[in-house]
Amino acid sequence: MMAFIPRVFSGIKPSGDLHLGNYLGAIRRFVPLQQTHETIYCVVDMHAITVWQEPEDLRRWTYEIAAAYIASGLDPKKSIIFNQSQVVEHAELGWIFNCVARVGWMMRMTQFKDKAGGEGGENSEAVSLGLFAYPSLMAADILLYKATGVPVGDDQKQHLELTRDIAKKFNHDFRKQIKGLGFDEDYFPLTDTLVTGPATRVMSLKDGKKKMSKSDASDMSTIYMMDDADTISKKIKRATTDPESLPTEAAGLEGRAEAANLVAIYASLADQSVDQVLAEFGGSGWGKFKPALADLAVSVLSPIAGEMRRLVGDRAEMDKILRDGADRARAIAIPHMDEIRQIVGFVR
Ligand code: TRP
């Protein structure tokens with residue numbers, strides 16, 4: 001008997017330069033899953049255009065994310081790496097899910113409410129229809145492959161719940177047809193969030209209560225994956241901190257958002273626990289900790305940035321990798337889509 005290998009799917013939007021939050025919160029966690037799961041990692045370009053993207057930037061960022069995946073240790077032979085728009089079935093299933101999901105479900109999505117402005121979404125006339133339907137396309141990304149696990153951060157948990165709601169409703173509404181096709185169980189699995197290691201939510205270097213983001217007004221608050229060594233060091237050394245020295249235990253970081261953030265970054269980059277880091281640095285001041293963190297960050301990120309530069313400079317090679325990934329993705333997607341068309345009642 002063949003062993004069952006669970007399938008995971010995840011994606012990153014090409015809508016800005018990659019930063020440390022993307023790396024520690026997502027990409028770095030994708031890598032070890034290659035040993036235990038069948039892994040599909042997508043550059044979700046169709047999600048990116050839910051807000052305006054300059055076409056040239058979109059293309060550049062798409063290559064950049066694919067390069068970051070590979071430079072960080074994803075093996076394009078092992079993992080399926082591709083950009084979403086090359087597998088048209090995402091759009092097709094996304095449409096079907098638009099007809100399964102309810103408007104009320106979408107209205108409850110906090111990410112949409114944030115982007116559409118205000119609780120009541122006062123600004124919703126100004127945002128694209130695609131932004132509203134975004135979670136239903138995300139459900140299609142995952143369920144097109146019947147993926148059972150999705151490694152994502154906390155901010156995506158609500159979208160994962162909605163993915164399960166869509167799967168449940170589809171399984172329920174089409175129960176008879178699903179049985180008729182010979183399935184004695186549900187057609188779509190109920191996908192779980194995959195949590196690997198301590199949850200890393202990387203915060204701004206200037207405000208420990210704000211998420212690190214590409215849209216921060218201050219360039220000093222965000223470390224980009226393509227930053228050079230000097231820039232990384234400078235940003236860490238100028239990061240906002242409190243005047244106290246580091247505590248000897250994790251509990252001592254409570255109420256010290258900036259300190260907690262820098263220690264968590266160190267722990268993630270070193271593959272250590274917060275307690276291990278504090279066992280080494282507890283009692284030290286920032287004058288000792290920051291240079292150590294800067295050295296560590298540079299030693300991890302610089303080789304990745306170097307490899308990313310090499311890869312994005314070789315578009316022919318990148319195109320080959322993305323095309324091959326899309327072919328392998330479609331080999332899984334096409335038979336599923338064929339069944340889904342039958343289930344829904346489309347003449348084929
Ligand atoms: N919504 C995710 C984000 O903003 C990106 C995404 C799109 C995604 N489709 C996905 C993540 C499918 C995981 C699985 O970060």
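A.B. asks: So what's going on with the site of the ligand? Residues and values would help.
C.D. replies: The local shell around the ligand holds 13 residues, among which G11, Y134, M138, D141 and Q156 are the closest. Note that a nitrogen atom of the ligand is positioned 2.8 Å from one of the side-chain N or O atoms of Y134. For the ligand, a nitrogen atom lies 2.7 Å from a polar atom in the side chain of D141. Considering the ligand on its own, with 360 Å² of exposed area, one finds that the protein chains cover 91% of that surface. Listing elements by their share of the shell around the ligand, those giving two or more residues are strand 1 (7-12) and helix 7 (129-143).

A.B. asks: Kindly report on the pairing of strand 3 (residues 80-83), identifying the contributing residues and their values.
C.D. replies: Of the two faces of strand 3, the one holding I80 and F82 and the one holding I81 and N83 are both buried throughout. Relative to strand 3, strand 2 (residues 38-43) runs parallel, the two sharing 4 bridges. Counted as the bridge partner of C42 is F82 from strand 3.

A.B. asks: Break down the pattern of salt bridges for me, with residues and values.
C.D. replies: For the coordinates displayed, the defined rule picks out 20 salt bridges. In this structure, the salt-bridge partner of R164 is D192, at a minimum N-O distance of 3.9 Å. Of this pair, R164 sits in helix 8 (residues 157-173) while D192 sits in strand 5 (residues 192-193), placing them 28 residues apart in sequence. When salt bridges with common partners are traced through the structure, they connect E92, D338, R341 and R348 into a single cluster.

A.B. asks: Would you mind going over helix 13 (residues 286-312) in detail, with residue names and values included?
C.D. replies: Counted at 1.5 Å a residue, the expected span for helix 13 with its 27 residues is 39 Å, and the 36 Å between its end C-alpha atoms agrees. Largest kink in helix 13: about 30°, centred on L301, with the proline P303 one to four residues after it.

A.B. asks: How would you summarise the side chain of D242 if you had to cite specific residues and measurements?
C.D. replies: Considering the arrangement of structural elements, one finds D242 in the loop between helix 10 (229-237) and helix 11 (257-270). Side chain to side chain, D242 and R256 meet in a polar contact 2.7 Å long. Look past the residues within four positions of D242 in its chain and what remains in contact with it is R256, A259 and W286.

A.B. asks: Mind laying out the environment of F346, listing which residues take part and the relevant values?
C.D. replies: Here F346 shows up in the segment after helix 14 (315-344). Overall, F346 belongs to the partly exposed group, its relative accessible area being 41%. When the C-alpha atoms of F346 and L322 are compared, they prove to be 30 Å apart, with 24 residues separating the residues in sequence. For F346, the residues in contact, after removing those within four places along its chain, are I96 and R341.

A.B. asks: Got a sec to walk through the domain arrangement of the chain? Specific residues and values, please.
C.D. replies: In terms of domain boundaries, the chain breaks down into domain 1 (7-199 + 315-344) and domain 2 (219-310). Using only C-alpha atoms to locate each centre, domain 1 and domain 2 end up separated by 31 Å. Taken together, the contact between domain 1 and domain 2 spans 13 residues of the former and 14 residues of the latter. Counting each side, the surface lost to burial between domain 1 and domain 2 is near 1,200 Å², with a carbon and sulfur contribution of 75%. When the area that domain 1 buries against domain 2 is broken down by residue, the three leading residues are L20, R28 and A71, summing to 40%. Linking domain 1 with domain 2 are 1 salt bridge. Of the charged contacts, one joins R28 and D271 as a salt bridge, the two residues approaching to 3.0 Å between their closest N and O atoms. Applying the counting rule to domain 1 against domain 2 returns 5 residue pairs in polar contact (both at pLDDT 80 or more). For the side of domain 1 that touches domain 2, the secondary-structure elements that each account for two or more residues are helix 1 (20-36) and helix 3 (55-71). Sort the elements by how many residues they give to the side of domain 1 that touches domain 2 and helix 1 lands first, with 5 residues. For the side of domain 1 that touches domain 2, the residue count by class is 8 nonpolar, 2 polar and 3 charged.

A.B. asks: Help me get a handle on the packing of helix 4 (residues 89-98) against helix 14, residues and values and all.
C.D. replies: Their axes nearest at 10 Å, the elements helix 4 and helix 14 cross at an angle of 30°. The orientation of helix 4 with respect to helix 14, classified from their angle, is roughly parallel. The element helix 4 and its partner helix 14 pack so that their crossing is left-handed. Residue-level inspection shows E89, E92, L93 and I96 of helix 4 in contact with helix 14, the latter providing R330, A333, I334, M337, I340, R341 and V344. Residues that form the contact of helix 4 with helix 14 fall into these classes: 7 nonpolar, no polar and 4 charged.

Criteria and cut-off values
Residues numbered from 1 in each chain as written. Predicted model: local features only at pLDDT ≥ 70, side-chain atom pairs only at ≥ 80, totals over all residues. Heavy atoms only, no water. Near = heavy atom within 4 Å. Polar contact = N/O pair within 3.5 Å; in protein donor to acceptor, adjacent residues only side chain to side chain. Areas by Shrake-Rupley, 256 points an atom, 1.4 Å probe, with all protein chains shown as cover. Helix = DSSP H or I, 4+ residues; strand = E, 2+ residues; numbered from the N terminus. Buried < 20%, exposed > 50% of the residue type's maximum accessible area, 1.4 Å probe, protein only. Pairing = 2+ DSSP bridges. Salt bridge = Lys/Arg side-chain N within 4 Å of Asp/Glu carboxyl O. Expected span 1.5 Å × (residues − 1). Bend = angle between axes of the 7 residues up to and from the residue. Contact = heavy atoms within 4.5 Å. Domains from an automatic or database assignment. Buried area = accessible area lost by both parts, 1.4 Å probe. Nonpolar A, V, L, I, M, F, W, Y, C, P; charged D, E, K, R; others polar. Axes fitted to C-alpha atoms, helices over the stretch in contact; angles between N-to-C directions. Parallel < 35°, antiparallel > 145°, perpendicular 65-115°, else oblique. Left-handed = near helix turned anticlockwise from the far one by under 90°.

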